[in-house]
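Structural features, examined
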Amino acid sequence: MRQSLAREFNNLIERSRDRQLRLAVTGLSRAGKTAFLTSLVHQLRHAGIEARLDLLSAARQGRLLGAQRVAQQDLGVPRFPYDQAIASLNQRPPQWPEPTRGISELRLHIRYRPENNGLFGTLGSDSATLTLDLFDYPGEWLLDLPLLEHDFFSWSQRQQATLSPQRRELASDWLVSVDRLDPAETADEAELADIAGRYAASLQAARNAGFSDLQPGRFLLPGDLDGAPVLQFFPLLGLEDTDRQRLEALPEDSIYRTLAKRFAYYQQHVVKPFYREHFKRFDRQIVLVDVLGALNAGPERFEDLSRALATLMRSFDYGQRSLLSRLFSPRIDRLAIAATKADHVTSEQHTHLVTLLEALLTEPIKDLRFADVPVKALSLASIRATQAHEVEHQGKRTPALRGVTLNGEETLVFPGEVPMRLPPPDFWARQGFAFTAFRPLSPEIRGEGLPHIRMDAALDWLIGDKLK
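A brief report on the enclosed structure follows.

Scoring rules and cut-offs
Residues numbered from 1 in each chain as written. Predicted model: local features only at pLDDT ≥ 70, side-chain atom pairs only at ≥ 80, totals over all residues. Heavy atoms only, no water. Pairing = 2+ DSSP bridges. Helix = DSSP H or I, 4+ residues; strand = E, 2+ residues; numbered from the N terminus. Axes fitted to C-alpha atoms, helices over the stretch in contact; angles between N-to-C directions. Phe/Tyr/Trp six-rings, centres within 6.5 Å; stacked < 30°, edge-to-face > 60°. Lys NZ or Arg CZ within 6 Å of the ring centre and 35° of its normal. Parallel < 35°, antiparallel > 145°, perpendicular 65-115°, else oblique. Contact = heavy atoms within 4.5 Å. Nonpolar A, V, L, I, M, F, W, Y, C, P; charged D, E, K, R; others polar. Salt bridge = Lys/Arg side-chain N within 4 Å of Asp/Glu carboxyl O. Buried < 20%, exposed > 50% of the residue type's maximum accessible area, 1.4 Å probe, protein only. Core = buried A, V, L, I, M, F, W, Y, C linked by side-chain atoms within 4.5 Å. Left-handed = near helix turned anticlockwise from the far one by under 90°. Arc of directions from axis to C-beta.

If you walk across this open sheet you meet the seven strands as β2-β3-β4-β1-β5-β6-β7, and the pairing is mixed. Of all strands in the sheet, those bounded by a partner on one side alone are β2 (64–70) and β7 (375–379). Ignoring strand direction, the axes of neighbouring strands in this sheet form an average angle of 20 degrees. Two elements, strand β1 (residues 20–27) and strand β4 (residues 128–136), share six bridges in a ladder whose sense is parallel. When the sheet's bridge partners are listed, Leu21 is paired in β4 with Leu132.

For the structure shown, the criterion picks out 14 aromatic pairs. With a centroid separation of 5.7 Å and 65 degrees between ring planes, the pair formed by Trp155 and Phe233 is classed as edge-to-face. Placement of Trp155 in helix α6 (residues 152–161) and of Phe233 in the loop between α9 (189–208) and α10 (244–248) is noted, with a sequence separation of 78 residues between them. Each residue in the set Phe152, Trp155, Trp174, Tyr199, Phe219, Phe233, Tyr256, Phe263 and Tyr266 is aromatic and connected to the rest through ring pairs, giving one cluster. A cation over a ring is seen here: Arg167 above Phe211, with NZ or CZ 5.9 Å from the ring centre. Against the face of Trp461 rests Arg334, its NZ or CZ located 4.4 Å from the ring centre.

Attention now goes to the packing of helix α2 (residues 33–45) against helix α4 (residues 82–89). The contact between α2 and α4 brings their axes to 10 Å, and the two run at 95 degrees. Comparing the axis directions of α2 and α4 gives the class roughly perpendicular. Where α2 abuts α4, its residues Thr38, Val41 and His42 lie against Tyr82, Ala85, Ile86 and Leu89. The class makeup of the residues in the contact of α2 with α4 is five nonpolar, two polar and no charged.

Now for the environment of Gly238. Its location among the elements puts Gly238 in the loop between α9 and α10. The spatial distance from the C-alpha of Gly238 to the C-alpha of Ser156 is 8.7 Å, given a sequence separation of 82 residues. With near-sequence residues (within four places) excluded, Gly238 lies in contact with Gln160 and Asp243.

What follows deals with the pattern of salt bridges. According to the stated counting rule, one finds 21 salt bridges in the structure shown. Across the salt bridge formed by Asp290 and Lys341, the nearest N and O atoms sit 3.1 Å from each other. One end of the pair, Asp290, is in the loop between β5 (284–289) and α12 (291–297); the other, Lys341, is in the loop between β6 (334–339) and α15 (350–360), with 51 residues separating them in the sequence. A residue is classified by how much of its surface remains accessible, and Lys341, at 25% relative accessible area, is partly exposed. The network of salt bridges with common partners includes Arg158, Asp213, Asp304 and Arg307.

Trp174, Phe234, Leu236, Tyr256, Val291 and Ile337 are the most contacted members of the largest nonpolar core, which has 85 residues in total. At ten residues, the largest contribution of residues to this core is made by helix α11 (residues 255–277). Once residues within four sequence positions are removed from consideration, Phe234 is found in contact with Phe152, Trp155, Trp174, Val178, Leu181, Leu192, Ile195, Ala196, Tyr199 and Leu259. Core analysis: the next-biggest nonpolar cluster, separate from the first, contains 45 residues, Leu23, Ala128, Ile383 and Leu459 among them.

Okay, the packing of helix α8 (residues 172–179) against α9 next. Each pair of packed helices can be described by the angle between their axes along with the distance between the axes. Interhelical geometry of α8 versus α9 gives an angle of 150 degrees and a closest axis separation of 8 Å. Regarding the angle of α8 to α9, the classification is roughly antiparallel. Two packed elements cross with a definite hand, and for α8 against α9 that hand is left-handed. On α9, the residues touching Asp173, Trp174 and Ser177 of α8 are Ile195, Arg198 and Tyr199. Of the residues that constitute the contact of α8 with α9, the class distribution is three nonpolar, one polar and two charged.

The next subject is the pairing of β5. Among the six residues of β5, six are classified as buried, and the element is accordingly described as predominantly covered. Every second residue of β5 is oriented toward a common face, with Arg284, Ile286 and Leu288 on one face and Gln285, Val287 and Val289 on the other, all of them buried. In terms of strand pairing, β1 meets β5 through five bridges, oriented parallel. Pairing of Val25 across the sheet is with Ile286, part of β5. As judged from the six bridges shared by β5 and β6, these two strands associate in the parallel manner. Note on β6: the bridge partner recorded for Leu288 is Ala338.

So, on to unusual backbone geometry. In this model, Arg92 is joined to Pro93 through a cis peptide bond whose omega is 0 degrees. Here the residue pair Gln215 and Pro216 is connected by a cis peptide bond, since its omega of -5 degrees sits within 30 degrees of zero. Within the fold, Pro216 resides in the loop between α9 and α10. A positive phi angle, near 60 degrees, is found at Lys341, a position not held by glycine. For Arg454, which is not glycine, the phi dihedral falls at a positive 60 degrees. Looking at the element boundaries, Arg454 is found in the loop between α18 (443–446) and α19 (455–463).

Right, let's talk about helix α16 (residues 362–370) for a bit. Those residues of α16 not exposed but buried are Pro364, Ile365 and Leu368. An end-on view of α16 places all buried positions within 100 degrees of arc, on one side of the element. Residues of α16 that are exposed and point over 90 degrees away from its buried face: Asp367, Arg369 and Phe370. In this structure, the buried side of α16 is in contact with α13 (299–313), β6, α15 and β7. Once α16 finishes, Asp372 follows within two positions and takes phi at roughly 60 degrees, a positive value.

Listed below in structure tokens is the structure:
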């Protein structure tokens, strides 16, 4: 208890001096959170040596001295597996790091030379330290936060609305089972567990097919809740508004009331603690989005991603903060939204990628700007996997990309054009989109550092103002 109070007091002192920052790295599945965090740590560790960080002002001015990993405060949370990720990248052939399967954290001390010493200066030293706490969360869990806006009845209705034709095909086994249920019948534990398993399998199949708007997220990564009754529920279909009063009056042991009770328990004991204990503590946030993957998967997946992002962005607590609110009620005061895997398209398409990302998030961005929250959209490649080339094509020089595919084939590709706005229906029939998945560049090609695209721009936006 005494150690906990001392730790919180030290945190309070550091935050009062504006020398501690909590950065959440979030995003939906396959957006590249592990690659981003690995690259972020590596770039800061190698600042001024191998890392090229020209867009980070402290690095460009020669004031960034480097970073060191230190012990995190919460010993009950796994440490982000940075060493394992680097080892994967250094294999021959190189491999992408394994994605994290749960919450992880990492703390960095970043040393820099301040531009000047103010009220909270460095007491005679010519350098200062910024403590950067990094938080990584499974993308699958993020979409659980909007469940707090629903009860079981309204959530069931929303889930039915998300069942596009392809989702229905992927969930056919579960749909057959749930269609046979009478909500008024007495619940059978074994039957509910079986149908919940089929529902979880349908979510897994949808994720593998490229869909994003999937709830509940713990059904995909159950962790220590695997097999617990709290994960043995599923939506009921065909509910009309006029059915609510009748269903809520059913006996406690009915199928409807049993499922509703488990849904409410999941909200109170899984979702709320996750939100309260973690997301409410963040100062800054970056949301990573695999826009190219959604384009590659087709119109249903692309619309699904748009819906998932809009839902997700409503869940966070944004807003400007005074010093007092910073100390005692942290809220996210700066946000980056990044389209990842920019190295999978040629450089002249990067602007299109950012424009398309902004179009996907038009309404959330408007809300953020209304709340006076600084927000920046950008495209990046955390760890570049391709090299730019120009080839002679029909009498002119045409941009292309060279890389090694996941199955080891060296290839030269001409990626499709990224639309600058939300694709109209005829886009998919006329052109569609396709890009190749590549291995990371081999150690021989990349040298000592991890090549990237605009990681320095992301760092400058997220922490650059704290390195002044």
